[in-house]
Amino acid sequence: GRIFASASYRRDASSRFHPDHRWGNFWSVGAAWIMSRESWFNAPVFNMLKIKASVGSQGNDNIGDYLYTDMYNVTNDGNDGIAISFARKGNPLITWETNTNINVGVEFGLWRDRLTGSVDLFNRITEDMLFSVPVPPSLGYSSYIDNIGDMHNAGLEFNLTGDIFRTKNFTWTARVS
């Protein structure tokens, strides 16, 4: 009841990618330690103090179907013939966009949970972003999908909840995030 750990691994496939690039490997690990449950912990103001950390990755395949192959329109040309026109340029090299998240934080409860909260530092790295690349219309199509660019987000999140007024039959609580 003091130390918690978790780990996961998954291997996903998506038919939205060419068979040579269909599979992605995603994982996570996390741990938490509730320090306030240790026998040596002696801070009466805290009824709960937890330190936590995690890192993991997940994939994104949120694009249309069959974007890895060229597509054509087959229509009637108006004279009992068939016309074939270019509809979309495919890219057989597209693959999973990967997001890696790193989180470190603390959760606490003070004065019999009259004040509770959490503070978390996060770092999110997106690699091989799926992006619709515009091209000149003279090519016969307006764009194609490619894995281009990486992005980095980092920051601090906090939540505080405090009971301003607490009785047996009524509690007035305020929250700040």
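Preceding this paragraph is the structure being described.
Notes on the structure follow. Computed from a predicted model, the values in this text were never measured in an experiment. (Residues numbered from 1 in each chain as written. Predicted model: local features only at pLDDT ≥ 70, side-chain atom pairs only at ≥ 80, totals over all residues. Heavy atoms only, no water.)

### Some thoughts on the pairing of strand β7 (residues 115-127)
One ladder, built from 13 bridges, connects strand β6 (residues 97-110) with β7; its direction is antiparallel. Pairing of Leu110 across the sheet is with Leu115, part of β7. Between β6 and β7, which pair antiparallel and follow one another directly, the connecting turn spans four residues, one of which, Trp111, has a positive phi of 50°. Here twelve bridges tie β7 to strand β10 (residues 151-166), and the two strands are oriented antiparallel to one another. From the neighbouring strand, Ser118 faces β10, where its bridge partner is Asn159. (Pairing = 2+ DSSP bridges. Helix = DSSP H or I, 4+ residues; strand = E, 2+ residues; numbered from the N terminus.)

### Section: the sheet that holds strand β2 (residues 23-34)
Ordered by their spatial adjacency, seven strands build an open sheet running β1-β2-β3-β6-β7-β10-β11, and the pairing between neighbours is antiparallel. Both outer strands of the open sheet, β1 (3-13) and β11 (171-176), are each paired with one neighbouring strand and no more. In this sheet, adjacent strand axes meet at a mean angle of 10° when their direction is disregarded. (Axes fitted to C-alpha atoms, helices over the stretch in contact; angles between N-to-C directions.)

### So, a nonpolar patch on the surface
Residues Ile102, Val104, Val119, Leu121, Leu156, Phe158, Leu160 and Val176 make up a contiguous nonpolar surface patch of about 640 Å² in total accessible area. Secondary-structure elements contributing two or more residues to the nonpolar patch are β6, β7 and β10. At three residues, the largest contribution of residues to the nonpolar patch is made by β10. (Patch = residues over 30% accessible without salt bridge, like charges linked within 9 Å, V, L, I, M, F, W, Y side chains within 5 Å. Areas by Shrake-Rupley, 256 points an atom, 1.4 Å probe, with all protein chains shown as cover. Salt bridge = Lys/Arg side-chain N within 4 Å of Asp/Glu carboxyl O.)

### So, the packing of aromatic side chains
Applying the stated rule across the entire model yields six aromatic pairs. Judged by centre distance (6.3 Å) and plane angle (75°), the ring pair of Phe41 and Phe46 falls under edge-to-face. On the basis of relative accessible area, Phe41 is assigned to the buried category, the value being 17%. Relative to Phe170, the ring of Phe165 lies with its centre 6.0 Å away and its plane at 50°, an arrangement referred to as tilted. When its relative accessible area of 43% is taken as the criterion, Phe165 is described as partly exposed. A connected cluster of aromatic rings, assembled from ring pairs, spans Trp33, Trp40, Phe41 and Phe46. (Phe/Tyr/Trp six-rings, centres within 6.5 Å; stacked < 30°, edge-to-face > 60°. Buried < 20%, exposed > 50% of the residue type's maximum accessible area, 1.4 Å probe, protein only.)

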